[in-house]
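Coordinate analysis (summary)
Listed here are the chains, written in short residue letters.
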Amino acid sequence: MLNFTSSANTNISPLSDRLSWGAVELQVTNLDRAVAFWSSALGLIERTSTAPGIALGTTNRTLIVLRPGADRPVRAPFTGMYHVAIGVRSQVEFSRMLARLIQLNVQVGPTDHLMAKSLYFHDPDGLEIEITYETPERFSHFGDMSRTLTLYDVEGNAHSGRGPLDVRAELAHAADADPMTHLADDSYLAHLHLKVAALEPALDWFETLGFERHLTLDAWGFADMGAGTPNTHRLAMNIWAGPNKPPMPQDMAGLVHYELLVHGDLPAASHHLRQDGNVLRGTDPAGVAVTLRTDK
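Residues numbered from 1 in each chain as written. Predicted model: local features only at pLDDT ≥ 70, side-chain atom pairs only at ≥ 80, totals over all residues. Heavy atoms only, no water.

Observations regarding the pairing of strand β18 (residues 254-262)
Within β18, 8 of the 9 residues are buried, which leaves the element mostly enclosed by the surrounding structure. Sheet topology note: the strand β2 (residues 19-28)/β18 ladder contains 7 bridges and is antiparallel. For S20, the partnering residue across the bridge sits in β18 and is L261. (Buried < 20%, exposed > 50% of the residue type's maximum accessible area, 1.4 Å probe, protein only. Helix = DSSP H or I, 4+ residues; strand = E, 2+ residues; numbered from the N terminus. Pairing = 2+ DSSP bridges.)

Structure below.
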């Protein structure tokens, strides 16, 4: 029996999120190689050295911190990061990034999720990267989820949410843009997708931080959470590698820390989170270190 819940299309329509992502920290097997790939493929610039790591991002914000520490690339099955998604704010920038990846001969999977358009590819350690352009205005409602994942667009057309994009049509939007310029300054960390040991405990844990349930598909081992703004996803999780898997080994490439910015007051310290000066620190259900701080 498929357990499906969704909070989409409620009467509450906040204009902004309660939480946003700060820097995401990844450990890699070869720092120089990783910095070269992330800089080239995404057009990120090197912002600072955070010894022993390197911070990458746009001219006005850090998005990714790469650091040494891994002896082996990504291997399944462990909990941890499934992928990290960097968001762009225009169709032209999304299409320009697609052109860039093609020009660099990076193997990429252009995917239409209806609520967003996405480009999926991997770094040399097997860390999955997503570039996403959120398009919630195209989405109307969910269909009968007891059979398959079905969404409907605003014109009433059924959509799988996982179909391929028309590459030629996408590239046409950036015909006059230079694919090799740096990533646009208004780009941002859109979401993390995590591999967890079990959905319900993970959903409960992240609710204490201020995320809210958006879509839960127990039979498929997948769940999605928002942070306020309707029909956008800020956190996803799955148990596709199997339930109750252990955290990734300390010597494996992967996500080791991330920061969340709270747009308001910090939640109360609890057994999940401990007070450390002006921030809260803890370990999430995937075994990853997390820091919360307010942007006030």
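Following the structure, the description resumes.
Quick word on the sheet that holds strand β21 (residues 289-294)
Taken together, the 8 strands give an open sheet; going across it, the order is β3-β4-β5-β2-β18-β21-β20-β19, and neighbouring strands pair in mixed fashion. Only two strands of the sheet have a single neighbouring strand rather than two, namely β3 (45-50) and β19 (273-276). Looking at each pair of strands side by side, their axes are set apart by 25° on average, direction ignored. Across the sheet, helix α1 (residues 31-42) is in contact with β2, β3, β4 (53-57) and β5 (62-68); its angle to β5 comes to roughly 160°. (Axes fitted to C-alpha atoms, helices over the stretch in contact; angles between N-to-C directions. Contact = heavy atoms within 4.5 Å.)

A few points about the sheet that holds strand β11 (residues 151-153)
In any sheet, the strands associate via hydrogen bonds between backbone groups, in a parallel or an antiparallel arrangement. As summarised here, the arrangement of the 3 strands in space is β10-β11-β12, forming an open sheet in which the pairing is antiparallel. Edge strands, defined here as strands with exactly one partner in the open sheet, are β10 (139-142) and β12 (158-159). Sheet analysis places β10 next to β11, joined by 3 bridges and oriented antiparallel. Following the sheet pairing, F139 is matched in β11 by D153.

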